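Results of the structural survey
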Amino acid sequence: KGKVIECKAAVAWEANKPLVTETIRVDPPKEGEVRLKVVANALCHTDVYTLSGQDPEGLFPCILGHEAGAIVESVGPGVTSVQPGMYVIPCYTPQCKDAACIFCQSPKTNLCPKIRATQGRGVMPDGTSRFSTLDGKPIYHFMGCSTFAEYTVVAEISCAVVSEKAPLDKVCLFGCGVSTGLGAVLKTCAVEEGASVAVFGLGAVGLAVVQAAKIRKARRIFAVDTNPKKFEMAVQLGATDCLNPNDIPDKPIQQVIVEATTWGVDYSFDATGNVEVMRAALECAHRGWGVSCVIGVAASGKLIQTRPFQLITGRSWKGTAFGGWKSRTDVPDLVDQYMDGKLPIDHYVTHSFEGVSAINDAIHALHEGDCLRAVVSY
Ligand code: NAD
Ligand code: DAO
Ligand code: ZN
């Protein structure tokens, strides 16, 4: 406590180069901050996207990683909600809970902006970094998490405290993709019993949409992917109809879904990040009331389009960040449901690795079509 820790981290020195395992210095947490021992980290496409250099806001050198399970090592002054030894999931969407935070006080959103500006600039709320090389060069933070390191420092308001019985190499998934897909259905769209649903993209996010639609007793669940290997798991999780757009080349996929349902589906979800697919998802939503939710993160600069007539005739377009969950309030509940056996997620972990230096192998695995989540335990 109170001392600099030297530990291993997978450092992204520059865009489009493999991560380099280095010994780095992690400063003690300052006011309102928490230092975490990272136990397990799942790879997410956003880490890889930023590493690729395509994210114009990516800063280098940095420590990526934002889907993790960790144990509190020490806390800075003024921290009251966590103590050393507690299990936490660091969350890139914080929740300050301040009486003056209109976002935290509103039930309509989870987008607390308290540390948004500094998080976007790769630094802690005081404007500085807690990471440096052994010769003192600062290394940027990422998404308020930076979990590709054995130790990291995050804001207290980014820490969701979870059960100390939880296996962190599984519940780390609640730090991003799985929570997001579940929340898109359960929270952002509040899908009701008997609804019809279409999901585009069957990675961990889209499959979590299928899983949640089943939990909500959706009547019909269309699962769409260009990779047919994804259909087996989709059916296991509750998909009733699997569609591969490549099998129906002469008909837009939205038309296929509208024809199969007469007027379209009550809810549709994009979990691909492809703006053409977002359009198809909107256009397969039900005349009069269909809601389409954008989950996928499009590449920088991409625009969505549709004919305004689609909206005039009753479809609406919305989006979700982190499934609409208020991180510190809701993530512990998701973990409890998992611990009670009501919310299985182990099936998303398709690849496992050991040690910070294996993160490059995990990135490689993520690029292969059969990987949902690759978890690296440190
Ligand atoms: P993934 O790459 O594992 O899955 C994407 C799936 O889409 C793949 O199975 C792929 O075969 C399929 N696909 C690609 N092109 C397609 C097309 N034209 N038609 C149908 N299917 C197609 O990714 P993931 O981890 O499941 O994440 C999905 C998306 O969600 C990503 O864009 C990610 O950045 C985003 N995401 C958003 C949030 C948020 O808060 N909004 C959080 C996490 C992830
Ligand atoms: O508060 O303005 C803000 C930043 C919002 C961040 C929401 C990010 C949602 C998408 C993240 C994708 C992670 C894979
Ligand atoms: Zn807030």
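In the nomenclature of an unreviewed UniProt entry, the protein is known as Alcohol dehydrogenase GroES-like protein of Nannochloropsis gaditana. Note on the protein: under the UniProt heading Cofactor (unreviewed entry), the record states "Zn(2+)".

**Here's the deal with the site of ligand 1**
Close to ligand 1 lie 29 residues; Gly201, Gly203, Val205, Gly273 and Gly296 are nearest. Breaking the shell around ligand 1 down by element, the ones donating at least two residues are helix 1 (45-51), helix 5 (177-188) and helix 6 (204-215). Among the elements that line the shell around ligand 1, the one with the most residues is helix 6, at three residues. Of the residues contributing to the shell around ligand 1, the split by class is 13 nonpolar, 14 polar and two charged. Two domains each donate at least three residues to the shell around ligand 1, and these are domain 1 (5-177 + 324-377) and domain 2 (190-319).

**What to know about helix 12 (residues 359-366)**
Residues of helix 12 that are buried: Ile359, Ala362 and Leu366. Taken around the axis of helix 12, the buried residues stretch over an arc of 55°, which confines them to a single face.

**A short note on the site of ligand 2**
The full set of residues close to ligand 2 is Cys44, Thr46, Leu111, Pro113, Arg116, Cys176, Val297 and Ala321. Taken together, the residues that form the shell around ligand 2 break down as six nonpolar, one polar and one charged.

**Topic: the sheet that holds strand 2 (residues 20-26)**
If you trace the four strands from one edge of the open sheet to the other, you get 1-2-6-7, paired in antiparallel fashion. Taken across any chain shown, the strands that pair with only one partner, and hence form the sheet edges, are strand 1 (5-11) and strand 7 (138-139). Pairing of strand 1 with strand 2, which is carried by seven bridges, proceeds in the antiparallel orientation. Along strand 2, the bridge assignment pairs Ala9 with Glu22.

**Description of the pairing of strand 2**
Judged from the three bridges that link them, strand 2 and strand 6 (residues 131-133) form a sheet pairing that is antiparallel. Considered in strand 6, the bridge of Val26 is made with Phe131.

**A closer look at helix 6**
Along its 12 residues, helix 6 runs 16 Å from first to last C-alpha, staying within 8% of the 16 Å computed at 1.5 Å per residue. With 10 of its 12 residues buried, helix 6 lies for the most part within the structure. Along helix 6, the residues classified as buried are Ala204, Val205, Gly206, Leu207, Ala208, Val209, Val210, Gln211, Ala212 and Ala213. In this fold, the buried residues of helix 6 make contact with helix 5, strand 10 (196-200), strand 11 (220-224), helix 7 (231-237), strand 13 (267-270) and strand 17 (373-377). At the C-terminal side of helix 6, Lys217 shows a positive phi close to 60°.

**Things to note about the environment of Ala212**
Within the secondary structure layout, Ala212 lies in helix 6. Judged by the 27 C-beta atoms lying within 10 Å of it, Ala212 falls in the buried class. Put simply, Ala212 and Thr133 are 79 residues apart on the chain and 43 Å apart in space, counted from C-alpha to C-alpha. Those residues in contact with Ala212 that sit more than four places away from it in its chain are Gly181, Leu182, Val185 and Leu186.

**Details of the nonpolar core**
With 115 residues, the main nonpolar core has Val197, Val199 and Val209 as its most contacted residues. Shared between two domains, this core holds at least three residues of each, these being domain 1 (5-177 + 324-377) and domain 2 (190-319). Discounting residues that sit within four places of it in the chain, Val197 has contacts with Val191, Ala213, Ala218, Ile221, Phe222, Val265, Asp266 and Tyr267.

Here is what the cut-offs are and how they apply
- Residues numbered from 1 in each chain as written.
- Chains lettered and ligands numbered in written order.
- Predicted model: local features only at pLDDT ≥ 70, side-chain atom pairs only at ≥ 80, totals over all residues.
- UniProt positions renumbered as here; feature names shortened; annotations may be inferred.
- Near = placed C-beta within 6 Å.
- Helix = DSSP H or I, 4+ residues; strand = E, 2+ residues; numbered from the N terminus.
- Nonpolar A, V, L, I, M, F, W, Y, C, P; charged D, E, K, R; others polar.
- Domains from an automatic or database assignment.
- Buried ≥ 20, exposed ≤ 12 C-beta atoms within 10 Å, placed from the backbone.
- Arc of directions from axis to C-beta.
- Pairing = 2+ DSSP bridges.
- Expected span 1.5 Å × (residues − 1).
- Contact = placed C-beta atoms within 7 Å.
- Core = buried A, V, L, I, M, F, W, Y, C linked by C-beta atoms within 7 Å.

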